[in-house]
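Topology and contacts: notes
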Amino acid sequence: MPAQLIDGKLVAARIRQRLADARRSLGSGPIRLCSLEVGQNPAAAVYVRNQQRAAAECGIEMEVQNLPVGTTEAELIATIGNLNRRTEVAGVIVQRPLPPGIDPRAVQSAIDPHKDVEGMHPANMGSILYREPMFPPCTAAAAQQLILETGIDLRGAETVVVGHSEIVGKPIAVLLLHHLSTVTVCHIGTRKLVDHTRRADIVVVAVGRAGLVHGDMIKPGAVVIDIGINQGPDGRIVGDVEFASVAQVAGFLTPVPGGVGPVTVAMLLRNTLRAAGAQV
Ligand code: NAD
């Protein structure tokens, strides 16, 4: 029985509609989201355009600053300092990858935690553990939202998160733990990944390796959330999950593209409106 696809585009459109309503309730003053990028990365350019389009739909102005190649960490941090002081700037995001020589953590830590709409400042990361994140990290929040869309009862459900990065895997594990799911985190040191994934009711994959998870690693009927973004052999974007074989076994599956990605952008905009004072 083929899996039901979880349509991230549809979920994101619904969230953006709710956000546009919430934005109107904040009056007509500008709400700005500022994106900083050092140099020009074609992949980031596509991502920024999508963010701009989605922001406009929600009444958020996006200001894009492309800093020249060769910008130093100190200069980038000084630019962030200026944005921290501008009252109409609700949120600041820094596009990745950053050039070698710039420490992403130092940069993220320079953003005022009240404007850290990606939810990656150590203060916001830490607050996740206390169940009171001001701004949950966007991709983790998107994965959580897509799992909830399926209607699965998370309490007691066996969840396996594959990938333990600071910005994706770990926060997802913590968010799902708050729902009383029994969470196992697998990573590069895991001995036999299949032994874990095969008994999971929910599998979330965030590794960055095309085709890592295939159908015979999945329990029939499981919810599978594919976070990976990889370039396939023909140049097309593919996830970490081998779509054809997993779709034959899983109960629910997110496509790539069109799954987690658009919902991640919607979560970024939700965080921006929260930063501007909206109760969303
Ligand atoms: P990362 O490189 O920081 O972390 C990769 C993780 O995968 C590590 O925890 C590592 O231990 C684990 N890993 C590597 N090889 C493994 C293996 N063979 N078996 C099990 N675990 C293994 O990557 P990241 O920043 O967490 O991103 C992961 C993927 O998610 C990438 O493809 C990235 O492009 C994508 N991503 C998507 C979104 C989105 O919104 N859709 C956002 C962020 C990242």
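Computed from a predicted model, the values in this text were never measured in an experiment. (Residues numbered from 1 in each chain as written. Predicted model: local features only at pLDDT ≥ 70, side-chain atom pairs only at ≥ 80, totals over all residues. Heavy atoms only, no water.)

The next thing to look at is the packing of helix α1 (residues 8–24) against helix α10 (residues 260–275). Between α1 and α10, the least distance of the axes is 8 Å, while the angle of their chain directions is 15°. The angle between α1 and α10 places the two elements in the roughly parallel class. Along this stretch, α1 crosses α10, giving a crossing that reads as left-handed. For the pair α1 and α10, contact is made by Gly8, Lys9, Val11, Ala12, Ile15, Leu19 and Arg23 and by Pro262, Val263, Ala266, Met267, Leu269, Arg270 and Leu273, respectively. The residue makeup of the contact of α1 with α10, split by class, is 10 nonpolar, 1 polar and 3 charged. (Axes fitted to C-alpha atoms, helices over the stretch in contact; angles between N-to-C directions. Helix = DSSP H or I, 4+ residues; strand = E, 2+ residues; numbered from the N terminus. Parallel < 35°, antiparallel > 145°, perpendicular 65-115°, else oblique. Left-handed = near helix turned anticlockwise from the far one by under 90°. Contact = heavy atoms within 4.5 Å. Nonpolar A, V, L, I, M, F, W, Y, C, P; charged D, E, K, R; others polar.)

Around the ligand sit 19 residues, and of these His164, Ser165, Ile188, Ile229 and Thr264 come closest. In isolation the ligand offers 860 Å² of accessible surface; the protein chains occlude 74% of this area. When the residues that make up the shell around the ligand are grouped by side-chain class, the tally is 10 nonpolar, 8 polar and 1 charged. (Near = heavy atom within 4 Å. Areas by Shrake-Rupley, 256 points an atom, 1.4 Å probe, with all protein chains shown as cover.)

Moving on, we come to the pairing of strand β2 (residues 32–38). In terms of burial, β2 is largely enclosed, as 6 of its 7 residues are buried. As paired elements, β2 and strand β3 (residues 61–67) share 7 bridges and run parallel to each other. Paired with Cys34 across the two strands is Glu63, which belongs to β3. As for the winding sense of the linkage, the β-α-β connection from β2 through helix α2 (residues 42–57) to β3 is right-handed. (Buried < 20%, exposed > 50% of the residue type's maximum accessible area, 1.4 Å probe, protein only. Pairing = 2+ DSSP bridges. Right-handed = clockwise from strand over helix to strand, strands pointing away.)

This paragraph deals with helix α3 (residues 73–85). Residues spaced three or four apart along an α-helix face the same direction, because each turn holds 3.6 residues. Here α3 spans 19 Å end to end across 13 residues, near enough to the 18 Å set by a 1.5 Å rise per residue. Looking only at α3, the buried set comprises Leu76, Thr79, Ile80, Gly81 and Leu83. On the buried face of α3, the contacting elements are β2, β3, β4 (89–94) and α4 (104–110). (Expected span 1.5 Å × (residues − 1).)

Here we come to the sheet that holds strand β7 (residues 202–205). In spatial order, the strands read β1-β11-β8-β7-β5-β6; together these 6 strands make up an open sheet with parallel pairing. The sheet is open, and its two borders are formed by β1 (4–5) and β6 (182–186), each paired with just one other strand. Both strand β5 (residues 158–162) and β7 contribute to a ladder of 4 bridges, which runs parallel. Within the sheet, the bridge partner assigned to Val160 lies in β7 and is Val203.

This paragraph deals with the domain arrangement of the protein chain. The domain boundaries assigned to the protein chain delineate domain 1 (27–114) and domain 2 (137–261). The C-alpha centroid of domain 2 is placed 28 Å from the C-alpha centroid of domain 1. (Domains from an automatic or database assignment.)

Attention now moves to the nonpolar core. Core analysis: the largest hydrophobic core is formed by 50 residues, its most contacted members being Ile172, Val204, Ile225, Ile227 and Leu269. For this core, the secondary structure elements donating two or more residues are α1, α2, β4, α6 (138–149), α7 (169–177), β7, β8 (223–226) and α10. Here this core gets 8 residues from one element, more than from any other, and that element is α10. Both domains that meet at this core, namely domain 1 (27–114) and domain 2 (137–261), each give it at least three residues. Excluding its chain neighbours within four sequence positions, the residues that come into contact with Ile172 are Ala140, Ala143, Val161, Val204 and Ile227. Among the nonpolar cores identified, the runner-up in size contains 19 residues, and Val160, Val162, Val241 and Val246 belong to it. (Core = buried A, V, L, I, M, F, W, Y, C linked by side-chain atoms within 4.5 Å.)

Let us now look at the side chain of Thr159. Here Thr159 lies in strand β5. Taking relative accessible area as the criterion, Thr159 reaches 0% and is therefore assigned buried. Of the polar contacts made by the side chain of Thr159, one reaches the side chain of Ser181; its length is 2.6 Å. Contact partners of Thr159, with chain neighbours within four places excluded, come to Leu154, Leu176, Ser181, Thr182, Val183, Thr184 and Ile202. (Polar contact = N/O pair within 3.5 Å; in protein donor to acceptor, adjacent residues only side chain to side chain.)

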